[in-house]
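Structural overview
Residues per chain are reported as follows:
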Amino acid sequence: ERMLANLIGKAKAETFEAPISFLSLRGDLPGPVEGRLAQGFGEHLHPRFHTKTFQSGLLIEAYIGSRVAAVADGKVILSEPYQSYGPIVIVDHGGGWFSLYTHLQGTAVTKGQSLRQGDVVGTVGETLDGPRLGFEIRYQTKPEDPNKWLRKKYR
């Protein structure tokens, strides 16, 4: 959240203006990758350690190297490795809305690049639990349940 807040602060002068409001796309976005839900949005209890964690997006199980697509038009504000997320891409969709793609094997975009819905942002990478894509939707820094934004929900 701090990293995204910092990026938002730096990018205010270069904010992406979408031809269609991102908010109007709620419930009609395509999924970023073919796969199945490995872990959903929200609070989870670790089965072994009984500790609570919060998943700020979806973890989608997919084939390693699968192409990951932008869910809507936007502008890349970050495309680089970041802490334990590995290569990460953050796309500004305008109006304070962002999509995040984490645990990538590699990225196919650069900071400042304009994207159209369906453009490839990278490929699915490996996590300790197998190949996964982390996918988030945020308003400013506040995470939202991505499944509520998708036409076809991950199950």
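Here the structure is a predicted model, which means the values were calculated and not measured. Starting afresh in each chain, residues are numbered from 1 along the sequence in its written order. With pLDDT at 70 or above as the cut-off, local features in this predicted model cover only qualifying residues; side-chain atom pairs require 80 or more to be listed or tallied, and sums for whole chains, interfaces and linings still use all residues. Side-chain numbers here rest on the full set of heavy atoms in the structure, without hydrogens or water.

Some points on the pattern of salt bridges
Any carboxyl oxygen of Asp or Glu within 4 Å of a side-chain nitrogen of Lys or Arg constitutes a salt bridge here. Using the criterion set out here, one finds six salt bridges in the structure. Where R26 meets E144, a salt bridge forms, and the shortest distance between an N and an O atom there is 3.0 Å. Of the two residues, R26 is situated in the loop between α1 (2–11) and β1 (36–39) and E144 in strand β13 (residues 142–144); the sequence distance between them amounts to 118 residues. Working definition: with a 1.4 Å probe on protein chains only, accessible area under 20% of the residue-type maximum means buried, over 50% means exposed, and in between means partly exposed. When its relative accessible area of 40% is taken as the criterion, R26 is described as partly exposed. Here E43 and K52 are joined by a salt bridge, their closest N and O atoms 3.8 Å apart. Residue E43 shares its accessibility class with K52, and that shared class is exposed. Elements are defined by DSSP. Helices are runs of H or I of four residues or more, strands are runs of E of two residues or more, and each kind is numbered from the N terminus.

Remarks on the packing of aromatic side chains
Only Phe, Tyr and Trp rings take part, Trp by its six-membered ring, and two of them pair if their centres are within 6.5 Å. Stacked means planes under 30 degrees apart, edge-to-face means over 60, and tilted covers everything else. Considering all chains together, one arrives at seven aromatic pairs under this definition. Relative to Y85, the ring of Y82 has its centre 6.3 Å away and its plane inclined at 15°; by these criteria the two rings are stacked. The exposure class assigned to Y82 is partly exposed, which follows from its relative accessible area of 22%. The partly exposed category is assigned to Y85, whose relative accessible area is 32%. Grouped by ring-pair contacts, the aromatic residues F22, W97, Y139 and W149 constitute a single cluster.

As for the environment of L4
Here L4 lies in helix α1. Looking at L4, the relative accessible area reads 2%, which means it is buried. Each C-alpha atom of the pair L4 and L100 lies 9.9 Å from the other, and the pair is 96 residues apart in sequence. Contacts are residue-level and defined by heavy atoms, with any inter-residue pair within 4.5 Å sufficient. Excluding its chain neighbours within four sequence positions, the residues that come into contact with L4 are I77, I90, F98, R138, Q140 and T141.

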